[in-house]
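Remarks on the overall topology
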Amino acid sequence: MAVFFEIKERRVIPNWRDFKRTLQLGELNQSNKLIKPIQLTIERSTEDWILNKNIGTAADIINSSFVSGIHNPHVSEAIQLVRLNNERTSPSLHELIKRIESSTLGTSKILNNSLLEIDVETINEFQTFINNKLFHKIINKTKNRTKNEINNPIVWVELARLYAMKGNARKAENAIITALHLAPNNRFVLRSATRFFIHEEKFDKALFYLRKAENLKYDPWLISAHIATSSIMGRFSPVIKEGRKLIDSGNFSDFDLTELASSLGTLELKTGSFKRAKGLFNKSMIMPNDNSLAQLEWVSKDDKRLQINPFSFDKVINPFEAQALEFYERGNWSGAFYNSIKWFLDMPFSKRPVILGSYIAGSLLKDKNAAITLCKVGLQANPKDPTMLNNMVYNIATSGNTEMLDFYVQQMIGLDINGLPDASKITYQATLGLVALKKGQLELGIDLYKRAIQNATNLKNDYLKNLAIVHFANELINLKLPEQYQYIELVKNMKIEEKDKDLQLIKNDILDKIRGES
């Protein structure tokens, strides 16, 4: 059975984007309250265009679109007007239009609060992420840049990010360490390195390079990264005191403090200081970024005293994580899936958007092709992730086209299953039970499913127990085995918590199937 395991504790770990987008988001501005983050907007030029559509306002909105990376339908209108008046417009304006439309960063598809390195319209366009030939060209081009710009730390970070996206951790680490040696105090380099080392579970390395930074105690973005990393390790960060001073200093913009306030708020909530936590979270939401917004979205699901509507923060760029989780909570599967895709496109080496998206696609939207494609893409950066492999095997096994099933089953069982959490072991038992039933190994398949159900019962995990029961019942019905009637009754009498909307949907599908066959 496919699953989506939400993390038990989310921290405000730095996001790792390419340099251009990080710069545009305002996260690299000099930390000073007088400096505001760059606001990606073409609202004024759009309003001028709507009020008076002429060559002058067309040129303004096209220039604004190019600079900001934002493209809306009004920009397309303006481009059309310029082309219809070719003789009255300058060659430079036509060149700008070409650059907008041929941008390799996909900015021609950026809308409103979306800023992505590359965008896709359909799941089929995801194939570009598993086009190794194309990706290797990009890596080779970046490697050549490092040769020509050997002392440029930004290029080394970009190379590390590409290697991380392809799951080549050794080469990624070599590149990131080169960047750290070249620019040990650079915020972009340090935050990118922190995210990489956390991704590789090398937390001590992340702290080592943060501690070495001369500006650690004076930069709220770096203090937040240090607090988040220390918290993952169960340690007390020695720069918490400095972080609190920066919050109260009045020397930084609300945007500069958003992640730091969110990190400190999470710590206060964990220690039971709700009043102080709420004040810090309120501070973090004055001018949030996508990371602090997602943090409060996650926290609010665990503590109902903190309420948030992520859709009301329409100025936040790339709010996909928060919105994906909110849509999932509401049972809006299409909205959750769409935002999972955007979340992944924003963070192509992350596990969580792929796991969530593949679960929704395969189990709730019944789009096995989308689920398999997502897993293929995700497994490039995380080839040994147990949940991703589990979801891949489940979706292939239930797709009707099991050509690659044995390959991924071997990958799955080749992991150290004993080292997995109990919940993951239960999921593995159920999924391998499904595979056995599909292969005609009925006795083994039934035994594995029953063991999964019993182990979930022993763990007092009703969600996993019920999930295993509905999937087992479905396979018993498909195979017309006599045990189906026992499990059909269990499904009919199953009590599901209101929050488990996914499980309720799967149960209803089984009941509809039963009614259709009776």
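The shown structure was predicted, so the numbers you read here are calculated from the model rather than taken from an experiment.

Regarding the confidence of the model for the protein chain
Per-chain confidence: the protein chain averages 89 in pLDDT, with 94% of residues scoring 70 or above. Scored below 50 in pLDDT, residues 34-38 makes 13 contacts in the model with residues more than four places away or belonging to other chains. Below pLDDT 50 for its whole length, residues 104-111 participates in 22 contacts with residues either more than four positions away or in separate chains.

Observations regarding the packing of aromatic side chains
Taken as a whole and assessed by the stated rule, the structure comprises 13 aromatic pairs. Measuring from centroid to centroid gives 5.6 Å for F4 and Y328, while their planes differ by 80°, and the two rings are edge-to-face. Of this pair, F4 sits in the segment before α1 (19-24) while Y328 sits in helix α16 (residues 320-330), and the two are 324 residues apart along the sequence. Exposure remark for F4: the relative accessible area of 9% places this residue in the buried category. Seen in terms of ring centroids, W16 and F196 are 6.3 Å apart; in terms of plane orientation they differ by 75°. Their pairing is edge-to-face. Taken together, the positions of W16 in the segment before α1 and F196 in helix α9 (residues 187-199) put the pair 180 residues apart, joining distant regions of the chain. W16 sits in the buried class, given a relative accessible area of 0%.

Things to note about the side chain of H471
Its location among the elements puts H471 in helix α24 (residues 462-479). Those residues in contact with H471 that lie beyond four places of it in its chain are M1, Y394, Y449 and I506.

Digging into the nonpolar core
Core analysis: the biggest nonpolar cluster contains 82 residues, and F126 and Y328 have the highest contact counts within it. Here this core gets 9 residues from one element, more than from any other, and that element is α24. Excluding residues within four positions of it along the chain, F126 makes contact with V120, I341, F344, L345, T373, L374 and V377. Counting residues in hydrophobic clusters, the runner-up holds 46 residues, among them V157, A183, V189 and V239.

Observations regarding the pattern of salt bridges
One pass over the full model with this rule turns up 36 salt bridges. For D346, the salt bridge is made with R21, and the minimal N-O distance between the two is 2.7 Å. Note that D346 is positioned in helix α17 (residues 333-346) and R21 in helix α1, a separation of 325 residues in sequence. Judged by its relative accessible area of 2%, D346 is buried. When its relative accessible area of 3% is taken as the criterion, R21 is described as buried. Note that E259 is salt-bridged to R191, the shortest N-O span being 3.2 Å. Of this pair, E259 sits in helix α13 (residues 254-270) while R191 sits in helix α9; the two residues are 68 residues apart in sequence, bridging distant segments of the chain. Per residue, the accessibility class of E259 equals that of R191, and both read buried. In this structure, a network of salt bridges that share partners links the residues R17, D18, R21, D290 and D346.

Brief notes about helix α15 (residues 290-302)
Over its 13 residues, α15 extends 19 Å from the first C-alpha to the last, a length consistent with the 18 Å expected when each residue adds 1.5 Å. Most of α15 is tucked away: 11 of the 13 residues are buried. Here α15 has its buried residues at D290, N291, S292, L293, A294, Q295, L296, E297, W298, V299 and S300.

Let's talk about empty space enclosed by the protein
Enumeration according to the criterion identifies 4 cavities of 30 Å³ or more in this entry. Of the voids in this model, the largest cavity is the one considered here, and its volume is about 60 Å³. If you go around the largest cavity, the residues you meet are N15, W16, R17, T22, E27, L28, R187, F188, R191 and S192. If you tally residues by element for the lining of the largest cavity, the top one is α9, at 4 residues. Across the lining of the largest cavity, the residue classes break down as 3 nonpolar, 3 polar and 4 charged.

Focus on the packing of helix α18 (residues 352-364) against helix α19 (residues 368-381)
The angle between the axes and the distance between the axes are what describe a pair of packed helices. Their axes nearest at 7 Å, the elements α18 and α19 cross at an angle of 160°. The pairing of α18 with α19 is recorded here as roughly antiparallel in orientation. α19 is crossed by α18, and the crossing has left-handed handedness. From α18, V354, G357, S358, A361 and G362 reach across to α19, where they touch K368, A370, A371, L374, C375 and G378. Grouping the amino acids of the contact of α18 with α19 by side-chain chemistry returns 6 nonpolar, 4 polar and 1 charged.

Some details on unusual backbone geometry
The phi dihedral of N318 falls on the positive side, at around 55°, and the residue is not glycine. Mapped onto the fold, N318 is located in the loop between α15 and α16. Backbone geometry places K460, a non-glycine residue, at a positive phi of 60°. Examined against the element boundaries, K460 turns out to sit in the loop between α23 (442-458) and α24.

Concerning the side chain of S262
If you trace the backbone, S262 turns up in helix α13. Judged by its relative accessible area of 0%, S262 falls in the buried class. Not counting residues up to four positions away in its chain, the partners in contact with S262 are V12, F281, S284, S292 and Q295.

Reading guide: rules and limits
- Residues numbered from 1 in each chain as written.
- Predicted model: local features only at pLDDT ≥ 70, side-chain atom pairs only at ≥ 80, totals over all residues.
- Heavy atoms only, no water.
- pLDDT = per-residue confidence, 0-100.
- Contact = heavy atoms within 4.5 Å.
- Phe/Tyr/Trp six-rings, centres within 6.5 Å; stacked < 30°, edge-to-face > 60°.
- Helix = DSSP H or I, 4+ residues; strand = E, 2+ residues; numbered from the N terminus.
- Buried < 20%, exposed > 50% of the residue type's maximum accessible area, 1.4 Å probe, protein only.
- Core = buried A, V, L, I, M, F, W, Y, C linked by side-chain atoms within 4.5 Å.
- Salt bridge = Lys/Arg side-chain N within 4 Å of Asp/Glu carboxyl O.
- Expected span 1.5 Å × (residues − 1).
- 1 Å grid on protein atoms, 1.4 Å probe; cavity = no way out; pocket = protein on both sides within 12 Å on 5 of 7 lines; lining within 4 Å.
- Points joined across faces, edges and corners; volume = space filled by probe spheres on them.
- Nonpolar A, V, L, I, M, F, W, Y, C, P; charged D, E, K, R; others polar.
- Axes fitted to C-alpha atoms, helices over the stretch in contact; angles between N-to-C directions.
- Parallel < 35°, antiparallel > 145°, perpendicular 65-115°, else oblique.
- Left-handed = near helix turned anticlockwise from the far one by under 90°.

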